Structures are given as structure tokens and as C-alpha cells.
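The residues making up each chain are set out below.
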Amino acid sequence: MEVFITDDRIIILEIIVVGMHRSGTSLVCSILNKMGVYFGDTALLMRDQSNEKGYFERFQINEVQDYILRFNGYSWVKISGYDAGCLGKVSQQIFDNGMRSFFNECRAEAIWGVKDPRICLTFPLWRKHLEHPVCVFAFRNPCHVAKSLNRRDGFSLEYGLALWEKYNVLGLNNIRGLPIIFTDFDSVTSAPDYTINKLYSDLLEIGVKGIRALDEREIG
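All chains use their own residue numbering, which begins from 1 and follows the written sequence. Residue-level local features of this predicted model are given only where pLDDT is at least 70; pairs of side-chain atoms are given and counted only at 80 or more, and the full residue set underlies all totals for whole chains, interfaces and linings. Side-chain metrics rest on all non-hydrogen atoms present in the structure, leaving aside hydrogens and water.

A.B. asks: Would you mind showing me how to read the environment of Ser91 here?
C.D. replies: Counting from the N terminus, the helices are DSSP H or I runs at least four residues long and the strands are E runs at least two residues long. In this fold, Ser91 is placed in helix α3 (residues 89-106). Distance from Ser91 to Leu125, taken between C-alpha atoms, is 7.8 Å for residues 34 residues apart in sequence. Once you skip the residues sitting within four places of it in the chain, Ser91 turns out to touch Ile68, Phe71, Asn72, Cys86 and Leu125. We define a polar contact as two N or O atoms separated by no more than 3.5 Å, with the added condition that, inside protein, one atom must be a possible hydrogen donor and the other a possible acceptor, whereas residues neighbouring each other in sequence contribute only through side-chain atom pairs. Within the structure, the side chain of Ser91 is placed 3.0 Å from the side chain of Asn72, a separation counted as a polar contact. Contacts were defined at the residue level, with two residues in contact if any of their heavy atoms lie within 4.5 Å.

In C-alpha cells form, the structure reads like this:
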């Protein structure tokens, strides 16, 4: 597993949380945030009746990526035939301009993170802005994801399963070659102590500095 070293110190700045909608990415971000990863001022983060604790997603990132998907003829839920190869120079320019203030803000932090399921689709646009990215890939039983999408959005189970497959395949392909830590939603909820401590240990092993272990009260 790749480690980055600068001036005799191991430094990794960017934690990229990748995963399909309804796969526990918000839960993973909540844990990482408690460990010390910066996701932004709470006023900037999205929340609604489906997730009152917040998604740890920024309106800015959501809007820019939605615009780029629409520009290329897609949306977060309409990705049949989608391939990241459609993201050409114009898409990169839109992304660079729309995200400039975000990157300027985050570079002032010792360790920062970002999360939006659309990153599974758009990650090639992020690459030029990242110095030392580490990906935390959140996954969940596809049947549970499909049922959650059915309850929230009214999608058929078949459509939800197809979305799960497309997002996960594209996400894994787009982050290939980078350090990746996998987290399983069912493990986080059924065995939080073990799973969260393992996430912390895995981050340390890769070389992430500036985070802390959580105590039992914080995990519970």
C-alpha cells in the first residue's frame, strides 16, 4: 500500500469517501469527522428529513457535479451508458471554476475530507486537484440499498440494484491505483467498536496523521 513521505514525515491530506447512495457514506463521514477530518462548516452541509444528522455533503459540490452530469446528458439517477470518458475539457473547466473556492478553503486544513456519491461518476475531474488522496470506499448489501432507494425515492428494486452495480463498478474503476480502505455498513452498525477501531488502524497504517482514536462514548 502506497505511503507518502515529505521531510521525514508521512503526510496524507485528502480523505475521499466514495460509495453508492444509501450505502452508509454519511455514517462513515460522521466517524471520520469525530476522528478529526475536516468536512466543512456545518452550515455548508446538506441535511433533510431522510437524514436529519446530515449527509456531510456540500451544496456546492452537489450542484457542480449535478450540472456537469446534466451537461453531458445524464443525472445522478440516469446513468445508463455512462462512462467517465465523456468528461472532457469543458467538464474539467466547469469543475475547476465551480470548485475553486472549495479547494482554496480545504488547503488551509491539515487533513480534510469530501463525500458525495456522485464522486463515483466524476472522480477523474478531482484527480488534478489532489496531492495525496486516500479513498474510503463505503459499501452495503445491494438488496438493502435497493430497498432504501425504494422507500426514499420510489425506485423499483430492479432499478435500485442496477444503480448500485453501476455506481460501484465506476467508483472502483475510477479510484484504481490509489490507497483504498473498505468499510461495510452492516459491520459498522453491528460491530461498531471493532469496525471503527479497524478503520482508525487502517488509516494509520496507510500513513494518515492528525486523527485520533474514538472512545467508547463517541462510538456508541
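The discussion continues.
A.B. asks: Hey, could you run me through helix α6 (residues 157-174) in this one?
C.D. replies: Residue pairs spaced three or four apart in an α-helix point in one direction, given the helix's 3.6 residues per turn. Expected span, for any helix, means 1.5 Å times one less than how many residues it has. Between its first and last C-alpha atoms α6 spans 26 Å; for 18 residues at 1.5 Å apiece the expected length is 26 Å, and the two agree. With a 1.4 Å probe rolled over the protein chains alone, any residue whose accessible area is under 20% of its type maximum counts as buried; one over 50% counts as exposed, and the rest are partly exposed. Taken together, the buried positions of α6 are Gly160, Leu163, Tyr167, Asn168, Leu170, Gly171 and Asn174. In the core, the buried residues of α6 are packed alongside β3 (14-18), α4 (119-126), β5 (133-139) and α5 (142-153).

A.B. asks: Honestly, the side chain of Arg118 in this entry has me stumped. Any pointers?
C.D. replies: Relative to the helices and strands, Arg118 is located in the loop between β4 (112-115) and α4. Once you skip the residues sitting within four places of it in the chain, Arg118 turns out to touch His21, Glu57, Asn62, Gln65, Asp66, Leu69, Trp76 and Tyr167.

A.B. asks: Teacher, can you tell me more about helix α8 (residues 192-206) here?
C.D. replies: Along its 15 residues, α8 runs 21 Å from first to last C-alpha, staying within 8% of the 21 Å computed at 1.5 Å per residue. Among the residues of α8, those classed as buried are Thr195, Ile196, Leu199, Tyr200, Asp202, Leu203 and Ile206. Looking down the long axis of α8, one finds its buried residues gathered within 160 degrees of arc, a one-sided arrangement. With respect to the buried face of α8, the exposed residues turned more than 90 degrees away are Tyr194 and Glu205. The arc in question is formed by the directions pointing from the helix axis toward the C-beta atoms.

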